[in-house]
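# Geometric and topological summary
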Amino acid sequence: MSIAIADEVKAALDNSSPVVALETTIVSHGMPWPTNMETALAVEDEIRDVGATPAAIAVLDGVIRVGLDRASLERLAQSDETLKLSRADLAHGVISGKPGATTVAATMIVAGRAGIRVFATGGIGGVHRGAEASFDISADITELAKTDVIVVAAGAKALLDLPKTLEMLETFGVPVVGYGTETFPAFWSRDSGLEAPIRLDSPEEIAAFARTRRDLALDGGVLVANPVPPEHEIPATEMADHIEAAHRDSMAAGVTGKAVTPFLLDAILKRTDGRSLATNVALVKNNARLAADIAIALASELDQAS
Ligand code: PSU
Ligand code: MN
């Protein structure tokens, strides 16, 4: 198989030590240079600080890699040619020989194959606004329905249609857990005004929940929705205008398909004078920290069982 696991990650997995998978589309398409690189490194530090091992995932030189060194991260962060690889593109990404960053969906697939149970990102993809006409629904949703990985995110990107995204997750049997909250977070904002279907308040509770799902042979993943820390949030009322305007820009520019999410994120960054980016960085770090704590709780459950 063309999956290469870095020595450090392999050693951790062999030891049943905590490992956290990381996606790379956020590096290649989600944030501008050099903030993308600084964030990628800061996120890894966040995970190491609590005693877990980070495993960023990407396709480089025709090989799916789990655990990236600095030079590899830098290639993804600096190249304009990096492919955005979701489930449909993963095999093509491998044979193309081009650098490819993995989305939430593709990262889940590879993490699952490698035996990594927890994954941290910014926000998952979901049902786009106007999906009733465009049919634009992220493959992240269907991946959560089938691949058993716990995904820690600040909800779904608020530029999506969040009520439809939650409906679709429910239809596909994906549990959505508000971490310490009754409300579903909206990425840059702590509160979308929508209810989080389940509330859990500690990494141990999340580990027990994941164990129970396994005991019941319920396949698929879990979305842990972790609100951005209050000091970094941009309230939803303030974001609403920027999101509307970004959508108008994307319609006017005729953007479709894979380009939609990166276009909207960039448009919002410009409209908020970079504030949205600072919030994005803060929430990704916050998610990495919680994912590491969940990975630690899962590892200690294993210890107790043996
Ligand atoms: N969240 C971010 N920035 C991003 C993404 C999510 O803060 O760049 C990426 C993720 O990789 C996610 C993808 O899987 O956007 C969804 O893209 P699409 O809507 O085309 O499926
Ligand atoms: Mn899409």
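Heads up: these notes are all about the structure in this document.

### Notes on the overall build of the chain
When helices and strands are tallied, the chain shows 13 helices and 11 strands. Relative to a compact globule of 306 residues, whose C-alpha radius of gyration would be 19 Å, the chain shows 18 Å and is just as compact. Its C-alpha atoms put the chain at 55 × 45 × 35 Å along the principal axes. The buried share of the chain, taken over its 306 residues, is 54%. For the chain, the proportion of contacts with a sequence separation of at least 24, taken over those separated by at least 6, is 74%. Summed over its atoms, the accessible surface of the chain is roughly 13000 Å², and 51% of this surface lies on carbon and sulfur atoms. Here the chain contributes 26 positive and 42 negative side-chain charges, whose respective centroids are spaced 4 Å apart.

### A look at the packing of aromatic side chains
Counting across every chain of the model gives one aromatic pair. Here Phe187 and Trp188 contribute two aromatic rings whose centre-to-centre distance is 4.8 Å and whose plane-to-plane angle is 90°, an arrangement assigned as edge-to-face. Per residue, the accessibility class of Phe187 equals that of Trp188, and both read buried.

### Points about the packing of helix H3 (residues 35–49) against helix H4 (residues 70–78)
One way to put it is that H3 packs onto H4 with a least axis distance of 9 Å and a crossing angle of 145°. Taken as a pair, H3 and H4 cross one another with a handedness that is right-handed. Counted together, Asn36, Met37, Ala40, Leu41 and Glu44 of H3 and Arg70, Leu73, Glu74 and Ala77 of H4 form the full contact between these two elements. For the contact of H3 with H4, the residue count by class is five nonpolar, one polar and three charged.

### Remarks on empty space enclosed by the protein
With a probe scaled to a water molecule rolled over the atoms, the places where space remains empty come into view. Tallied over the full model, the rule gives two cavities of 30 Å³ or more. Volume-wise, the largest cavity comes out at about 140 Å³. If you trace the largest cavity, you find 16 residues lining it, with Glu23, Ile26, Val27, Ala40 and Val43 closest to the centre. Elements that contribute at least two residues to the lining of the largest cavity include exactly helix H2 (25–30) and H3.

### What about the nonpolar core?
Counting residues in each nonpolar core, the largest one holds 95 residues, and the members touching the most others are Ile116, Ile124, Trp188 and Ile294. Broken down by element, the residue count for this core peaks at 12 residues, all from helix H13 (residues 275–305). Filtering out sequence-adjacent residues up to four positions away, Ile116 remains in contact with Val9, Leu13, Val19, Val20, Ala21, Ala55, Val66, Ala111 and Val149.

### A short note on the site of ligand 1
Lining the immediate environment of ligand 1, one finds 16 residues, of which Glu23, Lys84, Val104, Ser138 and Asp140 sit closest. Within the backbone of Gly123, an N or O atom sits 3.0 Å from a nitrogen atom of ligand 1. In the environment of ligand 1, an oxygen atom lies 3.4 Å from a nitrogen or oxygen atom belonging to the side chain of His128. For ligand 1, the accessible surface in isolation is 480 Å², of which the surrounding protein chains cover 95%. Broken down by element, the residue count for the shell around ligand 1 peaks at three residues, all from H2. Considering only residue class, the shell around ligand 1 consists of four nonpolar, eight polar and four charged.

### Quick notes on the layout of surface pockets
In this model, the largest pocket occupies a volume close to 520 Å³. Every residue lining the largest pocket is counted, 31 residues in all, and those nearest its centre are Lys84, Thr103, Ser138, Lys157 and Thr261. Counting residues per element, the ones that place at least two in the lining of the largest pocket are H2, helix H8 (139–146) and helix H12 (260–271). A per-class count over the lining of the largest pocket returns 10 nonpolar, 14 polar and seven charged. Lining the second largest pocket are His128, Arg129, Gly130, Ser134, Asp136, His247, Ser250, Met251, Val255, Thr256, Gly257 and Val260. Take the lining of the second largest pocket: its biggest share by element is three residues, from helix H11 (residues 236–253).

### So, the pairing of strand E4 (residues 63–66)
By the alternation rule, side chains of E4 split into Ile64 and Val66, which are all buried, and Val63 and Arg65, of which none is buried. In terms of strand pairing, strand E1 (residues 3–5) meets E4 through three bridges, oriented parallel. By the bridge assignment, Ile3 is partnered in E4 with Ile64. Note: strand E3 (residues 53–60) against E4, four bridges, orientation antiparallel. Note that in E4 the partner of Val59 across the bridge is Ile64. Counting the residues in the hairpin turn of E3 and E4 gives two residues, including Asp61, whose phi is positive at 50°.

### Structural notes on H11
Its 18 residues give H11 an end-to-end C-alpha distance of 25 Å, which sits within 8% of 26 Å, the value for a rise of 1.5 Å per residue. All of the buried residues in H11 are Met239, Ile243, Ala245, Ala246, His247 and Ser250. For H11, the secondary structure elements touched by its buried residues are H12. Among the residues trailing H11, Gly254 stands out with phi positive, at a value near 70°.

What counts, and at which threshold
Residues numbered from 1 in each chain as written. Chains lettered and ligands numbered in written order. Predicted model: local features only at pLDDT ≥ 70, side-chain atom pairs only at ≥ 80, totals over all residues. Heavy atoms only, no water. Helix = DSSP H or I, 4+ residues; strand = E, 2+ residues; numbered from the N terminus. Rg over C-alpha atoms; globule rule 2.2 N^0.38 Å. Buried < 20%, exposed > 50% of the residue type's maximum accessible area, 1.4 Å probe, protein only. Contact = heavy atoms within 4.5 Å. Areas by Shrake-Rupley, 256 points an atom, 1.4 Å probe, with all protein chains shown as cover. Lys, Arg positive; Asp, Glu negative; His and termini not counted. Charge placed at Lys NZ, Arg CZ, Asp CG, Glu CD. Phe/Tyr/Trp six-rings, centres within 6.5 Å; stacked < 30°, edge-to-face > 60°. Axes fitted to C-alpha atoms, helices over the stretch in contact; angles between N-to-C directions. Left-handed = near helix turned anticlockwise from the far one by under 90°. Nonpolar A, V, L, I, M, F, W, Y, C, P; charged D, E, K, R; others polar. 1 Å grid on protein atoms, 1.4 Å probe; cavity = no way out; pocket = protein on both sides within 12 Å on 5 of 7 lines; lining within 4 Å. Points joined across faces, edges and corners; volume = space filled by probe spheres on them. Core = buried A, V, L, I, M, F, W, Y, C linked by side-chain atoms within 4.5 Å. Near = heavy atom within 4 Å. Polar contact = N/O pair within 3.5 Å; in protein donor to acceptor, adjacent residues only side chain to side chain. Pairing = 2+ DSSP bridges. Expected span 1.5 Å × (residues − 1).

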